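Examining the three-dimensional arrangement
One-letter residues, chain by chain:
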Amino acid sequence: MTFQLATTDRRLWALAWPLMLTNLTVPLLGLVDTAVLGHLESPEYLGAVAVGANLFSILYWTFGFMRMGTTGLAAQAWGKRDSFGQVALLLRSVLLAVGIGLLLILFHQPLIRIGLALMNPSPDVTGLAAEYAAIRIWSAPAVLCQYTLVGWLIGMQFPRGPMIMLIVANGLNIVLDVLFVTGLGWNSRGVAIATVIAEYGAAMIGFAIVLTRLPEGQRLTRELFGQMSDYLKILRVNRYIMVRTIALLLVLAFFTAQGARQGDTILAANAVLITFLLVISNALDGFANAAEALIGEAIGKDSRRRFRVVFRSALRWSLWGALLLTIIFVFGGQHLIALLTGIESVRVTAWEYLPWLWLLPFASVWGFLLDGVFIGATRTRDMQNTMLFSALGVFLPVWWLTTGWGNHGLWFSLICLMLARAVTMGWLCWSHTRAGRWFEPS
């Protein structure tokens, strides 16, 4: 048993560390854009890219189900050693990604108008942001294809593939940013063009990597394209993740809006602290992503023992990660805040609410880990329902009852959301395990 646990730990870490590195370097593209534009003569270019990039983060994150849903299905096909299923899922998911990407391009004008109206930037920034968005939307098929390729590669237990794709995207984006903005003077338009080219470059590298990971002997046949019911199955798994993701996005948008109502200083301080929440999420998601692949493999092999061993290993390392992050924020939180902002009023305000950040790693780690378990088992409807309950039945009522607490009430509501997800998903996990439902058709 000891050897088996050690083996599982090694497999978990072999999957987790490239995914952690990939997740933690995701913000690098935005940092490069900011650094290049931050040295131009007008701050409007930087504002336009900030608004436009935020708009596309929301838009593309809404379709993040293309990654998560593909991982669970691919991992189960891997566990069954189903070569046909692996290739068929890849082909069908890519076709769906291209189709959705083309639809986004087709309807981009009303989407951009609505998004900019909701963000309500200044007139000068709005014009530049609209130009940026009109260029950036052309990357939609490439971005969604990347989601499916990354999901498939994780399910196939090759996490170095996504890491290589990200390195290519970041490296190409840095070179093109400098060339287009500093060299050719294309300002925010150049940043958009550089990002589009980088996204397609990463997608092409992704396809090249996938071709090397295809199972031998599986030829391209008409059956791989499948019937409409096969595509509906993929969408059925993914639609629940989409609803869950939209609910989470609305909670974060509501959190930001309520902070803004309390003044610019509170808004800025919350933005600094939320940045650390993204760090927590991206770091701990490495273990959750690894759990997706190994849990899916266990279910594909119909191995209850393997399921239990993987779950315990992922839980153990996730808790160690949460403890490490808590120690960092407790003893280094003030210094980290000082690195992110030089405005004294924002620093002091962020320090006031820093104790809430100390609670976040252990409040959120359970939900992150269980997301990985439920994705690997393709129990995505449970993810949707627990998120809706946590947002509508816990977050909003707690926020309403604690409005007199000001920003402290807002942070308390966010902590309660995380704990509600932990309790509801934990109860379902225990219930499915006790009844053996993980290995029944979801």
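Residues numbered from 1 in each chain as written. Predicted model: local features only at pLDDT ≥ 70, side-chain atom pairs only at ≥ 80, totals over all residues. Heavy atoms only, no water.

Under the annotation held in an unreviewed UniProt entry, the protein chain carries the name Multidrug resistance protein, MATE family and is attributed to Marinobacter pelagius. According to the UniProt record, the Sequence similarities (unreviewed entry) comment for the protein chain reads "Belongs to the multi antimicrobial extrusion (MATE) (TC 2.A.66.1) family." Here is the UniProt Subcellular location (unreviewed entry) comment for the protein chain, exactly as written: "Membrane". (UniProt positions renumbered as here; feature names shortened; annotations may be inferred.)

Observations concerning the side chain of Thr349
By secondary structure assignment, the location of Thr349 is in helix α15 (residues 344–352). In this structure Thr349 comes out as buried when scored by relative accessible area, which is 12%. One polar contact links the side chain of Thr349 to the main-chain carbonyl oxygen of Ser345, over a distance of 2.8 Å. The residues contacting Thr349, other than those within four sequence positions of it, are Thr265, Ile266 and Ala269. (Helix = DSSP H or I, 4+ residues; strand = E, 2+ residues; numbered from the N terminus. Buried < 20%, exposed > 50% of the residue type's maximum accessible area, 1.4 Å probe, protein only. Polar contact = N/O pair within 3.5 Å; in protein donor to acceptor, adjacent residues only side chain to side chain. Contact = heavy atoms within 4.5 Å.)

Remarks on the pattern of salt bridges
According to the stated counting rule, one finds seven salt bridges in the structure shown. The salt bridge partner of Asp9 is Arg316, with a shortest N-O separation of 2.8 Å. Note that Asp9 is positioned in helix α1 (residues 2–24) and Arg316 in helix α14 (residues 304–340), a separation of 307 residues in sequence. A relative accessible area of 31% means that Arg316 is categorised as partly exposed. A salt bridge links Asp302 to Arg304; its shortest N-O distance comes to 3.3 Å. (Salt bridge = Lys/Arg side-chain N within 4 Å of Asp/Glu carboxyl O.)

Notes on a positive patch on the surface
A grouping of Lys80, Lys233, Arg236, Arg239 and Arg381 is seen on the molecular surface, where their side chains present a positively charged patch. If one sorts the elements of the positive patch by residue count, helix α12 (residues 228–260) sits on top with three residues. Here Arg239 falls in the partly exposed class, since its relative accessible area comes to 47%. (Patch = residues over 30% accessible without salt bridge, like charges linked within 9 Å, V, L, I, M, F, W, Y side chains within 5 Å. Areas by Shrake-Rupley, 256 points an atom, 1.4 Å probe, with all protein chains shown as cover. Lys, Arg positive; Asp, Glu negative; His and termini not counted. Charge placed at Lys NZ, Arg CZ, Asp CG, Glu CD.)

With respect to the packing of aromatic side chains
As enumerated under the stated definition, the model contains eleven aromatic pairs in all. On the basis of an interplanar angle of 55° and a centroid distance of 5.6 Å, the ring pair of Phe276 and Phe329 is categorised as tilted. Here Phe276, found in helix α13 (residues 264–300), pairs with Phe329, found in helix α14; they are 53 residues apart in sequence, far enough to count as distant. Across this residue pair, the class does not change: Phe276 and Phe329 are buried. (Phe/Tyr/Trp six-rings, centres within 6.5 Å; stacked < 30°, edge-to-face > 60°.)

What to know about the nonpolar core
Formed by 73 residues in total, the largest nonpolar core has its most connected members in Trp152, Phe307, Phe374 and Trp438. For this core, the element with the highest residue contribution is helix α8 (residues 140–155), accounting for nine residues. Structurally, this core is a two-domain feature, drawing no fewer than three residues from each of domain 1 (1–24 + 239–441) and domain 2 (39–226). In terms of nonpolar packing, the next biggest core, distinct from the first, is built from 35 residues, Leu325, Leu357, Trp399 and Ile415 among them. (Core = buried A, V, L, I, M, F, W, Y, C linked by side-chain atoms within 4.5 Å. Domains from an automatic or database assignment.)

Quick word on the packing of α8 against helix α10 (residues 187–213)
Packing of α8 against α10 brings their axes to within 9 Å, and their N-to-C directions diverge by 30°. It follows from the interaxial angle that α8 and α10 lie roughly parallel. The crossing of α8 and α10 is left-handed. Contact with α8, carried on its side by Pro141, Ala142, Val143, Cys145, Gln146, Leu149, Trp152 and Leu153, involves Glu199, Tyr200, Ala202, Ala203, Gly206, Phe207, Ile209, Val210 and Arg213 of α10 and no other residues of that element. (Axes fitted to C-alpha atoms, helices over the stretch in contact; angles between N-to-C directions. Parallel < 35°, antiparallel > 145°, perpendicular 65-115°, else oblique. Left-handed = near helix turned anticlockwise from the far one by under 90°.)

Notes on a nonpolar patch on the surface
Where nonpolar side chains cluster on the molecular surface, the patch consists of Trp320, Leu323, Ile327, Val330, Phe331, Trp358 and Phe362 and spans about 700 Å² of accessible area. No other element matches α14, which puts five residues into the nonpolar patch.

Structural notes on the environment of Arg239
Inspection of the secondary structure assignment puts Arg239 in helix α12. Separated by 145 residues in sequence, Arg239 and Gln384 place their C-alpha atoms 9.0 Å apart.

Looking at the packing of helix α4 (residues 65–79) against α12
Two elements in contact, α4 and α12, have axes whose closest approach is 9 Å; the angle formed by their N-to-C orientations is 130°. One element, α4, and the other, α12, form an angle in the oblique class. Considering only the axes of α4 and α12, their crossing is right-handed. Mapping the contact onto sequence places Phe65, Met66, Met68, Gly69, Thr70 and Leu73 in α4 and Lys233, Ile234, Val237, Asn238, Ile241, Met242, Arg244 and Thr245 in α12. Across the contact of α4 with α12, the residue classes tally to eight nonpolar, four polar and two charged. (Nonpolar A, V, L, I, M, F, W, Y, C, P; charged D, E, K, R; others polar.)

A word on the side chain of Gln86
Mapping Gln86 onto the fold places it in helix α5 (residues 83–106). Look at Gln86 and you get buried, because its relative accessible area is 5%. The contact partners of Gln86, leaving out residues within four places of it in the chain, are Ala77, Trp78, Arg81, Trp152, Met156 and Pro215.

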